[in-house]
Structures are given as structure tokens and as C-alpha cells.
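Chain by chain, the residues:
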Amino acid sequence: MALTRRRLRSSTVVLGGMGVVAVTLTSCGSDPDRRCVDRDSYDALNGYKIVAEKNCTTSTSTSSSSSSSSSSADWYYDADVSGGKADDGTFSRSEAVDRGGFGCSGGGGSGGG
């Protein structure tokens, strides 16, 4: 019995492995969880009021207008969210990435109460 095995080319194995790595990296994105909040609405018991995302500006290359908006909305990262409020987060994106592991939810979620 001549049993022939199909041999995979090394390039096929490498490309397949790279695909797995790519899927793993994109599933955990580099952006931490964020909410647009009103900085002036802080309540010691509940946190910041979440507002519409259009009130927060993203820091992209479109800085044609100075941010002289009347709103004090800003991105609040890695917050506990409940009832339209966000608390225990940070306004620093880099700090959220450091403590949150690149946006991967690593067991820090609330277990339905």
C-alpha cells in the first residue's frame, strides 16, 4: 500500500500562521473602551454623565478648528458604565491601554447583577 501524504509548502504554513496572528491582534484592537462624557457633570456617587459621541472630538489630523466648543465633553476610557453614567475610568488613553491590555476584556466585566 502506497500511502502518500500531501506535504504543505512552507510558504502555505507561514501564511496560515500569519493569518492566525492577524486575527488575534485585530480581535483585541489597540483602542480601549471609551465613552464620551461631560467633564462638568461629575457626581461623586455616579460618575460622569455620558453624552452623544458627536460632542467628543477625535484627535486626528483634522485640527482645522480650535476646540472652542461650549461643551466640556471628552473621551473617558475604561469606565464602569451604569444608568447613563461612567465612573472609575481615566481621561488618559495611554493609561487606559496600560491598565486595560489593549482593549481586550480580560475578565474585568460585571457579571450581570
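Scroll up for the structure.
What counts and how
Residues numbered from 1 in each chain as written. Predicted model: local features only at pLDDT ≥ 70, side-chain atom pairs only at ≥ 80, totals over all residues. Heavy atoms only, no water. Pairing = 2+ DSSP bridges. Helix = DSSP H or I, 4+ residues; strand = E, 2+ residues; numbered from the N terminus. Disulfide = S-S within 2.5 Å. Buried < 20%, exposed > 50% of the residue type's maximum accessible area, 1.4 Å probe, protein only.

### Description of the pairing of strand 2 (residues 47-50)
Part 1 of the argument: Two elements, strand 1 (residues 34-43) and strand 2, share 3 bridges in a ladder whose sense is antiparallel. Bridge assignment links Asp 38 to a residue of strand 2, and that residue is Lys 49.
Part 2 of the argument: Where strand 1 hands over to strand 2, the hairpin turn is made up of 3 residues, counted between the paired strands.

### Some remarks on the state of the cysteines
Here a disulfide denotes one covalent bond, and it connects the sulfur atoms of two cysteines.
Part 1 of the argument: Going through the model one piece at a time under the given rule, you end up with 1 disulfide.
Part 2 of the argument: Covalent S-S linkage joins Cys 36 and Cys 56, the inter-sulfur distance amounting to 2.0 Å. Looking down the S-S bond of the Cys 36 and Cys 56 bridge, the torsion is 95 degrees, so its handedness is right-handed. Taken together, the residues Cys 36 in strand 1 and Cys 56 in the loop between strand 2 and strand 3 (73-77) connect sequence positions 20 residues apart. Taken individually, Cys 36 and Cys 56 each receive the classification buried, so the pair is uniform in this respect.

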